[in-house]
Amino acid sequence: MIDTIYALSTPPGQSGIAVVRVSGPKALAGLSLLSGRALETFSTYKMKLVTLTDPVSRETIDQAMAAYFAAPGGFTGEGSAEYFLHGGVAVVDSMLSALASIDGYRMAEPGEFTRRAFENGKLDLTEAEAVADLIHAETSLQKKQALDQLGGALSKIYESWAETLTRSLAHIEADLEFPDEDLPDGVMPQVVPKIEKLIEEISEHLDDNRRGERMRDGVRVAVIGAPNAGKSSLVNSLAQRDVAIVSPHEGTTRDIIDVHLNLGGYPVILSDTAGLRPDQIGQEGQEGIESEGIRRALQKAEEADIKMLVFDAEKLPQLDAHSLDLVSKDTLIVFNKCENLGALPDSVRKQISECDPIMISVNENRGIEELLQTIIVRMKNIIGRSEAPSLTRQRHREALLDCKNSLNRSLNAAMPELVAEDVRLAVRSLGRITGRVDVEDLLDVIFRDFCIGK
Ligand SMILES: Nc1nc2c(ncn2[C@@H]2O[C@H](COP(=O)(O)OP(=O)(O)OP(=O)(O)O)[C@@H](O)[C@H]2O)c(=O)[nH]1
Ligand SMILES: [Mg+2]
């Protein structure tokens, strides 16, 4: 018999209400046992005020609201109960220990409720992943992406592709078995254009600048530049809190400091880095720490979606040579400490001619809003252009690439039997994204990322 699982679904600690969730064949029996009421008292989707009593110690646990969802309703698709308790530590503890004492009950693993919903066909895999994304969403746009995916936006695309392929496969197989005299060339002339069109659609879907993944994980913005240019000051100003140490000494920041921000609905990981000081690179001892910091800064710059290069306006017309080496046409150039600067000298403009620099003064809070808007516009260019649903995980990308490879192979296959085999493999790859085909090996990996109680 399947275990009945339970877990606290709200965060541990004090709260107004704590929700404990139970799912499995004994959900209703447990509700009846703890409340001392007959099974028939409870009807599906109805809340009831109950007094819960520990079946072993006979101590009162709490006066609580309880709801029952008969299978196949509710989230998991199996019988389930939810208890809305007073959110105190002792109440929750005694509830969990009472549940543990019931025969056939055990604590749920992370993500196990959602896993059961998947296994009972309530959600496909992309929708189950969207549940985790929705819980982790920190910005409005992340939330929108997760809700769209939960609503089946991705499933619909992959299922329609799988359906097109399955239909083509049926035609090929029918022709292999019962060749049609009226079609001397077989069905391939009809099937090939369909496969070609699908390859094109999959390529377009894949060529999305990793939009969905960036929206899920955050756009990476690295703040780099010479020591003392005011990078940490700028990061603190954008984060609106003191995350990094600021000092008049060069080489204050040694390690990377990542801050997660919400800029205009876009999730951003802003990284403060060590000032680039070429004479420190390759140094040993104390200086070696700075040297390592610089190495990490350069690596961060390399990996970033947006490179923000900060120059010290007080040093003009001198431009830090090491920073200049990192300028490309996509670099976002910022001059800080501009409170006393009129205009940029022509010689300086020439050196950064491809870029449109932004003049700011962190100390006087000038130009920060313009800088913010510029960052947001750049992020829109990177991830926000299209309304089409976008894949959100590397796993989706790999399966789509497999699918595309099989389809490309099918176009060059020597015999219709081999075409059929490749198309069958392509359908399987799509099925692995939504979980329609054997994905047992994937499940542990996917549901491990969930929290307990979901
Ligand atoms: N005049 C002026 N000084 C500033 C401004 N912004 C920062 N500073 C000062 O510049 C100095 C260096 O600032 P930091 O933010 O520590 O510079 P950093 O680029 O992070 O330096 P490192 O971590 O050493 O690479 C501090 O004394 C700041 O107070 C500004 O807009 N105007
Ligand atoms: Mg710093």
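First things first, this report covers the structure right here in the doc.

A word on the pattern of salt bridges
Oppositely charged side chains can pair when the atoms bearing their charge come close.
So, point 1. Counted according to the given criterion, the structure contains 32 salt bridges.
So, point 2. Residues Arg106 and Glu112 are paired through a salt bridge, measuring 2.6 Å at the closest nitrogen-oxygen approach.
So, point 3. Taking the shortest distance from any N to any O, the salt bridge between Asp133 and Arg393 comes out at 3.0 Å. Separated by 260 residues along the polypeptide, Asp133 in helix H4 (residues 125-136) and Arg393 in the loop between helix H13 (368-384) and helix H14 (394-412) bring together distant segments of the chain. Comparing Asp133 with Arg393, the two get one shared label, buried.
So, point 4. Connected through shared salt-bridge partners, Glu129, Asp133, Arg216, Asp217, Arg393 and Arg395 make up one network.

Some words on the pairing of strand E2 (residues 17-23)
So, point 1. Across the 7 residues of E2, 6 count as buried, placing the element largely inside the fold.
So, point 2. Note that strand E1 (residues 4-8) and E2 share 4 bridges and pair antiparallel. Bridge assignment links Ile5 to a residue of E2, and that residue is Ser23.
So, point 3. Direction of pairing for E2 relative to strand E5 (residues 80-86): antiparallel, over a ladder of 7 bridges.

Digging into the site of ligand 1
So, point 1. Contacts to ligand 1 come from 24 residues, most closely from Lys231, Ser233, Gly251, Thr253 and Glu339.
So, point 2. Lys231 is positioned such that a nitrogen or oxygen atom in its side chain is 2.7 Å from an oxygen atom of ligand 1.
So, point 3. Burial of ligand 1 by the protein chains amounts to 89% of its free accessible area of 660 Å².
So, point 4. Ranked by the residues each element gives to the shell around ligand 1, the list is headed by helix H9 (residues 231-239), at 3 residues.
So, point 5. Of the residues assigned to the shell around ligand 1, the class counts are 6 nonpolar, 13 polar and 5 charged.

Considerations on the sheet that holds E5
So, point 1. Read from one edge to the other, the open sheet built from 6 strands follows the order E3-E4-E5-E2-E1-E6, with strand pairing classed as mixed. The open sheet is flanked by strand E3 (47-53) and strand E6 (105-107), the only strands paired with a single partner. This sheet shows a mean twist of 30° between the axes of neighbouring strands, independent of strand direction.

Some thoughts on the packing of aromatic side chains
Centre-to-centre distance and the angle between the planes together describe a pair of aromatic rings.
So, point 1. With the rule as written, the count across this model stands at 4 aromatic pairs.
So, point 2. On the basis of an interplanar angle of 80° and a centroid distance of 5.3 Å, the ring pair of Tyr45 and Phe69 is categorised as edge-to-face. Separated by 24 residues along the polypeptide, Tyr45 in the loop between helix H1 (27-35) and E3 and Phe69 in strand E4 (residues 60-69) bring together distant segments of the chain.
So, point 3. Among the residues examined, Tyr45 registers a relative accessible area of 55% and is labelled exposed.
So, point 4. In this structure, Arg21 is placed above the aromatic ring of Phe113, and the distance from its NZ or CZ to the ring centre is 5.0 Å.

Points about the nonpolar core
So, point 1. Of all hydrophobic cores here, the largest spans 31 residues; its most connected members are Leu234, Leu238, Leu270, Met308, Leu371, Ile375 and Met379.
So, point 2. Elements with a contribution of two residues or more to this core: strand E7 (219-225), H9, strand E8 (257-263), strand E9 (266-272), strand E10 (306-312), strand E11 (332-336) and H13.
So, point 3. Counting residues per element, this core draws most heavily on H13, at 8 residues.
So, point 4. When residues no more than four places from it in sequence are discounted, the contact partners of Ile375 are Leu238, Leu263, Ile306, Met308 and Leu332.

Some remarks on H9
So, point 1. Here H9 lies mainly inside the structure; 8 of its 9 residues are buried.
So, point 2. One or two residues past the end of H9 sits Gln240, with phi positive at roughly 55°.

Focus: the coordination of the magnesium ion (ligand 2)
The textbook angles at a metal center are 109.5 degrees for a tetrahedron of four donors and 90 or 180 degrees for an octahedron of six.
So, point 1. Taken together, Ser232 (OG) and Thr253 (OG1) make up the protein donors of the magnesium ion (ligand 2), found 2.0 Å from the metal. With Ser232 in helix H9 and Thr253 in the loop between H9 and E8, the pair connects residues that are 21 residues apart, well separated along the chain. Summarising the burial analysis for this pair, Ser232 and Thr253 share the class buried.

Remarks on the sheet that holds E11
So, point 1. The strand order across the open sheet formed by 6 strands is E8-E9-E7-E10-E11-E12, and the pairing between neighbours is mixed. In this open sheet, the two edge strands, each paired with only one partner strand, are E8 and strand E12 (358-359).
So, point 2. As paired strands, E7 and E9 are joined by 5 bridges and run parallel to one another. Of the residues in E9, the one forming a bridge with Ala222 is Ser271.
So, point 3. Sheet contacts for H9: E7, E8, E9 and E10; angle to E9, the most-contacted strand, approximately 155°.

What about helix H5 (residues 140-150)?
So, point 1. Turning to H5, its buried residues number three or more, namely Gln142, Gln145, Ala146 and Gln149. Buried residues of H5, seen end-on, are gathered within an arc of 95° and therefore sit on one face of the element.
So, point 2. Looking at the buried residues of H5, the elements they touch are H4, helix H6 (153-177), helix H8 (211-217), E9 and H14.
So, point 3. Looking one or two residues past H5, Gly152 carries a phi angle of roughly 95°, positive in sign.

Reading the values: the criteria
- Residues numbered from 1 in each chain as written.
- Chains lettered and ligands numbered in written order.
- Predicted model: local features only at pLDDT ≥ 70, side-chain atom pairs only at ≥ 80, totals over all residues.
- Heavy atoms only, no water.
- Salt bridge = Lys/Arg side-chain N within 4 Å of Asp/Glu carboxyl O.
- Helix = DSSP H or I, 4+ residues; strand = E, 2+ residues; numbered from the N terminus.
- Buried < 20%, exposed > 50% of the residue type's maximum accessible area, 1.4 Å probe, protein only.
- Pairing = 2+ DSSP bridges.
- Near = heavy atom within 4 Å.
- Polar contact = N/O pair within 3.5 Å; in protein donor to acceptor, adjacent residues only side chain to side chain.
- Areas by Shrake-Rupley, 256 points an atom, 1.4 Å probe, with all protein chains shown as cover.
- Nonpolar A, V, L, I, M, F, W, Y, C, P; charged D, E, K, R; others polar.
- Axes fitted to C-alpha atoms, helices over the stretch in contact; angles between N-to-C directions.
- Phe/Tyr/Trp six-rings, centres within 6.5 Å; stacked < 30°, edge-to-face > 60°.
- Lys NZ or Arg CZ within 6 Å of the ring centre and 35° of its normal.
- Core = buried A, V, L, I, M, F, W, Y, C linked by side-chain atoms within 4.5 Å.
- Contact = heavy atoms within 4.5 Å.
- Donors = N, O, S within 2.8 Å, 3.2 Å for Na, K, Ca; no water.
- Arc of directions from axis to C-beta.

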